[in-house]
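Each chain, letter by letter, is given below.
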Amino acid sequence: VGMVVGAAKGVLGVRDWLYVRKVLKLLLETSKSSKDDRGKYADKIAKNPKEYRRASITVLEILDRITSAEKAILVGKVFRAYMTEEGITLEQLRYLTEMIDKAYLSDLEAIRTGFEGNYDNLVNVGIMQPVPAEDIIKHAQEHINRDMGMSVRGVSSYSLPPNLTRRTGPTPAGMALIRILKSY
């Protein structure tokens with residue numbers, strides 16, 4: 001029993017240490033805000049202290065869920081944007097930080113640095129728009145009509161070409177997240 005209790009204390013200690021590390025990464029990122037931006041945020045807080053509390057809770061909950069300290073830095077970038085930009089609401093803060101939570105870090109780093117991440121993963125978390133169904137159907141029909149002879153013999157198979165999957169752009173929230181990750 002003593003060994004199990006000791007192991008549990010060690011696990012809780014590690015988990016707490018990892019959480020503190022994520023909080024510190026977030027604080028380091030938000031401390032990059034200018035004095036002017038911090039003043040704007042103080043004014044925002046004074047106007048609506050309840051929203052500030054909800055925003056703080058949102059960020060702390062996301063920090064508890066995210067898988068790495070690197071994602072905490074990205075959450076900090078979104079929080080900095082929330083602090084300084086009038087157009088970012090509490091609901092958008094939640095949505096953007098949940099996108100970070102659900103996305104793979106490698107995909108977030110790819111879009112932040114200007115490269116494409118995994119398209120399917122980015123669609124699944126709401127960063128990229130899915131290929132419209134009518135485009136998929138149209139392409140499949142063209143493929144079937146063109147390859148009718150081969151498909152009758154069982155030779156043909158179908159998959160979407162890369163140019164069709166890359167035709168779509170970011171969702172509006174995805175555009176906001178990409179802009180924030182690149183500019184903050």
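Residues numbered from 1 in each chain as written. Predicted model: local features only at pLDDT ≥ 70, side-chain atom pairs only at ≥ 80, totals over all residues. Heavy atoms only, no water.

Asker: Sorry if this is basic, but what is going on with the nonpolar core here?
Answerer: A general tendency of soluble globular proteins is for nonpolar side chains to be buried together. Counting 37 residues, the largest nonpolar core has F79, Y82, L93, L108, I127 and L177 as its most contacted members. The set of elements that each furnish at least two residues to this core consists of helix 1 (2-30), helix 3 (49-65), helix 4 (69-84), helix 5 (90-102), helix 6 (105-112), helix 7 (119-124) and helix 11 (172-183). Considering each element in turn, this core owes the most residues, eight residues, to helix 4. With sequence-adjacent residues up to four places away left out, L177 is seen in contact with V78, L96, M99, I100, L108 and I127. (Core = buried A, V, L, I, M, F, W, Y, C linked by side-chain atoms within 4.5 Å. Buried < 20%, exposed > 50% of the residue type's maximum accessible area, 1.4 Å probe, protein only. Helix = DSSP H or I, 4+ residues; strand = E, 2+ residues; numbered from the N terminus. Contact = heavy atoms within 4.5 Å.)

Asker: How should the environment of Q129 be read in this particular structure?
Answerer: As for its placement among the helices and strands, Q129 is situated in the loop between helix 7 and helix 8 (133-146). Taking C-alpha positions, Q129 is 9.1 Å from P172, a pair spaced 43 residues apart along the chain. Discounting residues that sit within four places of it in the chain, Q129 has contacts with Y119, V123, T168, G169, P170 and T171. Here P170 takes part through its backbone oxygen, which lies 3.1 Å from a polar atom of the side chain of Q129. (Polar contact = N/O pair within 3.5 Å; in protein donor to acceptor, adjacent residues only side chain to side chain.)

Asker: Mind showing me how you'd approach helix 11 here?
Answerer: One full turn of an α-helix is made of 3.6 residues, so residues set three or four places apart face in the same direction. Taking 1.5 Å per residue, twelve residues should reach 16 Å; helix 11 reaches 17 Å between its end C-alpha atoms and fits that length. By the burial criterion, the buried members of helix 11 are A173, G174, L177, I178, I180 and L181. In a view along the axis of helix 11, the buried residues occupy a sector of 165°, so they form one face of it. In helix 11, the exposed residues that point more than 90 degrees away from the buried face are P172, M175 and K182. Summarising the contacts, the buried residues of helix 11 are in contact with helix 4, helix 5 and helix 6. (Expected span 1.5 Å × (residues − 1). Arc of directions from axis to C-beta.)

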